[in-house]
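Commentary on secondary and tertiary structure
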Amino acid sequence: MSLQAKLESLKNETLEKIDNVSDLQALNQIRVETLGKKGPITEVLRGMKDLSIEERPKVGSFANEIRDELTQAIEARKQLLEDEALTVALAKESIDVTLPGQQVQKGNRHVLTQIMEEIEDIFIGMGYQVVEGYEVESDHYNFERMNLPKEHPARDMQDTFYISEDILIRTHTSPVQARTMEKHDFSKGPLRMISPGKVFRRDTDDATHSHQFHQIEGLVVDKHVTMGDLKGTLEVMMQKMFGEDRKIRLRPSYFPFTEPSVEVDVSCFKCDGAGCNVCKYTGWIEILGAGMVHPNVLKMSGIDPEEYSGFAFGIGPDRVAMLRYGVNDIRNFYQNDLRFLSQFKGE
Ligand code: DAH
């Protein structure tokens, strides 16, 4: 076979291979194998020395043409394969912005947590510290130190879950008063604290009773603390919680740990005193218990009642939430039904 014929058939073979190749790596392989230094074209050109002088330039330029043609064919194929690869990559990586998004369910804080944090914020703003007590308490702190010695008839006001004779789950947040007072260093300033938390009573659960509910205890002890301070403080709290126009009134009451003791009512936030179902047509809503800290309670915590006085109060966030949102069954707060709880989005 003449050199030209060899080159011709080499060209055709290679063109066919180029046409059939479908990936860039294989295409490069063809380029190296056919046009490279060890490739057949170079080989053919090496055989030119055996040709006659007249034939050499013809064969030489023919070989060059073939080399150019193949180079172009490879380039063209390369371009095509690269375009194809790009199209595939674009299709794979494209995002369909019209697809519906995945709904992420957003939770919210429990409505009672929201109310408690709201009350905490009001008191933090007035310079109070927030103190957490113990849910498992001793009889000593829950009762004795709150001026409720054993056999005191007022213990009956709080049906208690006892764990042992001396240990119980607290019936109120008042024991935190004693724990905080006995530790407080009055040379550093007055004591102002609130204590939110769970409390427990042996009640049969119904629409208005739950064996577990919440309280927020408040306590201020300093020199010359008066009932006027108590009233002013509670008024500010009620106005922040139920609106600027709220008024409060105090009615005499009894708690063993305060003397005097009061029941505090707030003017109805719904009817503004005219009478409605929220205030049971009285214009007033019973909202919390309070009083001046009993001298015995101060004394038992190592504070001299001749020198210091204080006020205390206890408020129920469950009741606040029920009033504010018109919830008529306290058990709703504890059944973890999201259809109920997710209504209270908070901010
Ligand atoms: N500890 C009381 C209760 O559970 C609530 C209470 C009333 C707390 C008057 C106080 C207070 O600090 O002064 O029923």
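The rules we used
- Within each chain, residues carry numbers counting from 1 in the order of the written sequence.
- In view of the model being predicted, local features appear only for residues whose pLDDT reaches at least 70, and side-chain atom pairs are presented and counted only at 80 or more, with totals across whole chains, interfaces and linings using the full set of residues.
- The basis for every side-chain value is the complete set of heavy atoms in the structure, and neither hydrogens nor water enter the calculation.
- Paired strands, as defined in this entry, are two strands with at least two bridges between them according to DSSP.
- Secondary structure counts use DSSP, requiring at least four H or I residues in a row for a helix and at least two E residues in a row for a strand, with both numbered from the N terminus.
- The contact criterion used throughout is that any non-hydrogen atoms of two residues lie within 4.5 Å.
- Axis geometry follows a simple rule: fit a line to the C-alpha atoms, using only the stretch in contact for helices, then measure angles between N-to-C directions, giving values from 0 to 180 degrees.
- To define a nonpolar core, start from buried Ala, Val, Leu, Ile, Met, Phe, Trp, Tyr and Cys residues and group those joined through side-chain atoms within 4.5 Å.
- Relative accessibility thresholds used throughout: buried, under 20% of the residue-type maximum; exposed, over 50%; partly exposed, between the two (1.4 Å probe, protein chains only).
- Two distance rules govern patches: like charges are joined within 9 Å, and nonpolar side chains (Val, Leu, Ile, Met, Phe, Trp, Tyr) within 5 Å, applied only to residues with over 30% relative accessible area and no salt bridge.
- Surface accessibility in these figures is a Shrake-Rupley result with a 1.4 Å probe; residues are shielded only by whichever protein chains are displayed.
- For this document, the term salt bridge refers to a Lys or Arg side-chain nitrogen within 4 Å of an Asp or Glu carboxyl oxygen.
- Counted as positive: Lys and Arg. Counted as negative: Asp and Glu, with His and the chain ends omitted from the count.
- For the purpose of locating charges, the reference atoms are NZ of Lys, CZ of Arg, CG of Asp and CD of Glu.
- Being near a molecule or strand, for a residue, means having at least one of its heavy atoms within 4 Å of it.
- Identification of polar contacts relies on pairs of N or O atoms within 3.5 Å, with a donor-acceptor requirement for protein atoms, meaning one able to donate a hydrogen and the other able to accept it, and with residues adjacent in sequence counted only if both atoms are side-chain atoms.
- The classification used treats Ala, Val, Leu, Ile, Met, Phe, Trp, Tyr, Cys and Pro as nonpolar, Asp, Glu, Lys and Arg as charged, and all other residues, Gly among them, as polar.
- UniProt positions are given in the numbering used here, feature names are shortened, and annotations may be inferred rather than shown by experiment.
- For classification purposes, angles smaller than 35 degrees are called roughly parallel, those larger than 145 roughly antiparallel, those between 65 and 115 roughly perpendicular, and all remaining angles oblique.

Here the focus is the sheet that holds strand β1 (residues 129-130). Spatial ordering of the open sheet is given by β1-β4-β5-β9-β8-β7-β6, a layout of seven strands whose pairing is mixed. In this open sheet, the two edge strands, each paired with only one partner strand, are β1 and β6 (248-255). Looking at chain direction, strand β8 (residues 284-293) and strand β9 (residues 309-315) are connected through five bridges and run antiparallel. Bridge pairing in β9 links M292 to F311. Contacting β1, β4 (191-200), β5 (212-222) and β9, helix α5 (residues 111-124) runs over the sheet at an angle of about 170 degrees to β4.

Bringing the nonpolar core into the picture now. If you look at soluble globular proteins, the nonpolar side chains tend to sit buried side by side. One finds M237, I287 and L288 to be the most contacted residues of the largest nonpolar core, which totals 46 residues. The element best represented in this core is α5, accounting for seven residues. Discounting residues that sit within four places of it in the chain, L288 has contacts with L234, M237, M238, V262, E263, V264, F313, G314 and I315.

This paragraph deals with a negative patch on the surface. A cluster of acidic residues, D156, D159, D203, D205 and D206, forms a negative patch at the surface. Mapped onto the fold, D206 is located in the loop between β4 and β5.

Right, let's talk about the environment of D159 for a bit. Along the chain, the position of D159 falls in the loop between α6 (139-142) and β3 (167-169). Here D159 falls in the partly exposed class, since its relative accessible area comes to 42%. Note: C-alpha distance between D159 and R202 (43 residues apart in sequence) is 5.1 Å. Look past the residues within four positions of D159 in its chain and what remains in contact with it is T171, F200, R201 and R202.

A few words now on the site of the ligand. Contacts to the ligand come from 16 residues, most closely from H172, S174, R201, Q215 and E217. A distance of 3.4 Å separates an oxygen atom of the ligand from a polar backbone atom of F313. Here the ligand, which alone exposes 350 Å², has 92% of that area covered by the protein. Broken down by secondary-structure element, the contributors of at least two residues to the shell around the ligand are β5, β8 and β9. Here the residues of the shell around the ligand sort into five nonpolar, nine polar and two charged.

We now examine the UniProt feature "domain: Aminoacyl-transfer RNA synthetases class-II family profile" (unreviewed entry) in the chain. Here the UniProt-annotated "domain: Aminoacyl-transfer RNA synthetases class-II family profile" (unreviewed entry) positions come out as residues 111-343. Across residues 111-343 one finds 26% helix and 27% strand; the C-alpha atoms that close the span lie 9 Å apart.

Here we come to the packing of helix α2 (residues 24-35) against helix α4 (residues 55-93). At a minimum axis separation of 10 Å, α2 and α4 run at an interaxial angle of 170 degrees. When the axis of α2 is compared with that of α4, the two are roughly antiparallel. Packed against α2, whose contacting residues are L24, L27, R31 and L35, the element α4 presents R67, L70, T71, I74, R77, K78, L81 and E82 at the interface. Considering only residue class, the contact of α2 with α4 consists of six nonpolar, one polar and five charged.

Let us look at the pattern of salt bridges. Tallied over the full model, the rule gives 18 salt bridges. E144 is paired through a salt bridge with R155; the nearest N and O atoms lie 3.4 Å apart. With E144 in the loop between α6 and β3 and R155 in the loop between α6 and β3, this residue pair connects regions lying eleven residues apart in the sequence. For E144, a relative accessible area of 27% puts it in the partly exposed group. Look at R155 and you get buried, because its relative accessible area is 11%. In this structure, E286 engages R251 in a salt bridge whose closest nitrogen and oxygen atoms are separated by 3.7 Å. With E286 in strand β8 and R251 in strand β6, this residue pair connects regions lying 35 residues apart in the sequence. The exposure class assigned to E286 is partly exposed, which follows from its relative accessible area of 42%. A relative accessible area of 30% places R251 in the partly exposed class.

The next subject is the side chain of R145. Along the chain, the position of R145 falls in the loop between α6 and β3. The exposure class of R145 is buried, given its relative accessible area of 7%. When residues no more than four places from it in sequence are discounted, the contact partners of R145 are H140, A178, E182, V297, M300 and S301.

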